[in-house]
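Geometric and topological summary
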Amino acid sequence: MSKSPSRGRSASPFANPRVLLPIGLVVAVAGYFGFTWWKGVADAAAERRRLLDDTARELQQERPDDGALSKLMAGLKQQPDAKTAADLLAAQASIELWRGSVERAYELFGAVAARPEASNDELHLGARILMARQQGFTGEIAESATMLQQVITYTERAMDGSDDAADLLRCWQAAERGFDHARADGFAGQLAAGFAQTAEGRLVQLLRGVLATGEFGLSQLEALPPVATKVVERDAVHALGVLQAGRVEDAFQEISAQLLAAPGVWLVRHAAAITFLTKAVACQVPEERARLLARRDEQLDWLAARAPVDEPLRAKWTQMRAVR
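Nothing here was measured: the structure is a model prediction, and the numbers come from that model.

**Looking at empty space enclosed by the protein**
What the rule picks out here adds up to one cavity of 30 Å³ or more. There is about 40 Å³ of room inside the largest cavity. For the largest cavity, the full set of lining residues is Trp172, Glu176, Arg177, Leu211, Glu233, Val265, Trp266 and Leu267. Where the lining of the largest cavity is concerned, the elements lending two or more residues are helix H8 (165-177) and helix H14 (266-282). Among the elements that take part in the lining of the largest cavity, H8 stands out by supplying three residues, more than any other. The residue inventory of the lining of the largest cavity, partitioned by class, reads five nonpolar, no polar and three charged.

This is the structure in structure tokens:
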């Protein structure tokens, strides 16, 4: 007699439709949720990339739209890693820097830029934030000097052996703001050697001439092409040019605004002292004259406390203080 196949081996449970159906349902459900999860991850990554790209694109506009940036900022903050991811922090800090919220930008990004492994883009942003922070800083002299040194360190690391006119201009500014004229001359020399005809090279050449002689024509400054970023030193010299042109009140308004925006820049203080003194000398009202002379003395006190003892301008400041 032949043996029945069912007695020789047991049938596979997967051959039973009652077993296969639940398994199929489990696989289908798992596949659905897996696809949904994957799509959610992909969509989140795409949205994250869009926010970063749109932020960079908006900030590159000649006149970024504040409303658009506010919406982008809200989206950036909603990202789950908004407080830890370097690229999201950089985007938020860039918006805050554009808004003029320099301390907030520094809080967001200062630690990122200070990392040994910071990228060139991160170093550039860190240097820009520190420059803006220092120009509005009125605290300890040593802290201001540290910020300026960090600006140079970050920028030189970001250049990575390849000079750039904007980077050299920033280094020149930082060195000058720290009264390190010899070091500033070195950066100016690099600009003259490789970028003499650029907007940055021509600006530094003119500013150096003003610092050396105090003489220039306002038309020379106004004829220069604009640089990509705002240069406070240029604005201070412009106010002096307006003053030399005999437009005392215009110069007074200009330098007063600059003094509020950039009280940490010695050239702004220097220009303010000259402007306040000039306006005081022409003033016929004793009380107003005394007020202007007090404002002049405030600038001269600030300069005297920060400039090296061998600063060439000290003699001029002494002469200015003697006028009553």
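So, next bit.
**A closer look at the packing of aromatic side chains**
By the definition in use, this model includes two aromatic pairs. Ring geometry for phenylalanine 179 against tryptophan 266: centres 5.2 Å apart, planes inclined by 25°, an arrangement best described as stacked. Taken together, the residues phenylalanine 179 in the loop between H8 and helix H9 (181-195) and tryptophan 266 in helix H14 connect sequence positions 87 residues apart. With a centroid separation of 5.8 Å and an interplanar angle of 65°, the aromatic rings of phenylalanine 252 and phenylalanine 276 are classed as edge-to-face.

**Notes on the side chain of histidine 270**
Its location among the elements puts histidine 270 in helix H14. The contact partners of histidine 270, leaving out residues within four places of it in the chain, are Leu303, Leu313, Lys316 and Trp317.

**Remarks on the packing of helix H6 (residues 120-135) against H8**
It is at 12 Å that the axes of H6 and H8 come closest, and there the two elements cross at 35°. Viewed along their axes, H6 and H8 form a crossing whose handedness is left-handed. The residues of H8 that touch H6, namely those facing His124, Ala127, Arg128, Met131, Gln134 and Gln135, are Asp167, Arg170, Gln173, Ala174 and Arg177. A per-class count over the contact of H6 with H8 returns three nonpolar, four polar and four charged.

**A short note on unusual backbone geometry**
Look at phenylalanine 179: it is not a glycine, yet its phi comes out positive at around 60°. Phenylalanine 179 gets classed as buried once you look at its relative accessible area, which sits at 8%.

**Some words on the nonpolar core**
Phe109, Trp172, Val268 and Trp317 are the most contacted members of the largest nonpolar core, which totals 84 residues. Beyond its immediate sequence surroundings of up to four residues, valine 268 is in contact with Val232, Ala236, Ile255, Gln258, Leu259 and Ala262. Grouped together as the second largest cluster of nonpolar side chains are 10 residues, Leu51, Leu72, Leu88 and Ile95 included.

**So, the side chain of threonine 55**
Here threonine 55 is to be found in helix H2 (residues 17-59). Here threonine 55 is in contact with Leu72, Leu76, Ala91 and Ile95, once residues within four sequence places are set aside.

**Points about helix H5 (residues 102-113)**
Those residues of H5 that fall on the buried side of the exposure criterion are Val102, Ala105, Leu108, Phe109, Gly110, Val112 and Ala113. Residues of H5 that are buried in the fold lie against helix H4 (86-99), H6 and helix H7 (141-159).

**A look at the layout of surface pockets**
Estimates place the volume of the largest pocket at around 1700 Å³. Leu97, Leu125, Arg128, Ala228 and Thr229 are, among the 44 residues lining the largest pocket, the residues nearest its centre. Mapped by element, the contributors of at least two residues to the lining of the largest pocket are H2, H4, H5, H6, H8, helix H12 (232-244) and helix H13 (248-261). Considering each element in turn, the lining of the largest pocket owes the most residues, eight residues, to H6. Along the lines of polarity and charge, the residues of the lining of the largest pocket split into 19 nonpolar, 11 polar and 14 charged. Estimates place the volume of the second largest pocket at around 230 Å³. As for the second largest pocket, its lining consists of 14 residues, of which Val210, Gly214, His270, Ile274 and Lys316 are closest to the centre. Of the residues assigned to the lining of the second largest pocket, the class counts are nine nonpolar, four polar and one charged.

Cut-off values and rules
Residues numbered from 1 in each chain as written. Predicted model: local features only at pLDDT ≥ 70, side-chain atom pairs only at ≥ 80, totals over all residues. Heavy atoms only, no water. 1 Å grid on protein atoms, 1.4 Å probe; cavity = no way out; pocket = protein on both sides within 12 Å on 5 of 7 lines; lining within 4 Å. Points joined across faces, edges and corners; volume = space filled by probe spheres on them. Helix = DSSP H or I, 4+ residues; strand = E, 2+ residues; numbered from the N terminus. Nonpolar A, V, L, I, M, F, W, Y, C, P; charged D, E, K, R; others polar. Phe/Tyr/Trp six-rings, centres within 6.5 Å; stacked < 30°, edge-to-face > 60°. Contact = heavy atoms within 4.5 Å. Axes fitted to C-alpha atoms, helices over the stretch in contact; angles between N-to-C directions. Left-handed = near helix turned anticlockwise from the far one by under 90°. Buried < 20%, exposed > 50% of the residue type's maximum accessible area, 1.4 Å probe, protein only. Core = buried A, V, L, I, M, F, W, Y, C linked by side-chain atoms within 4.5 Å.

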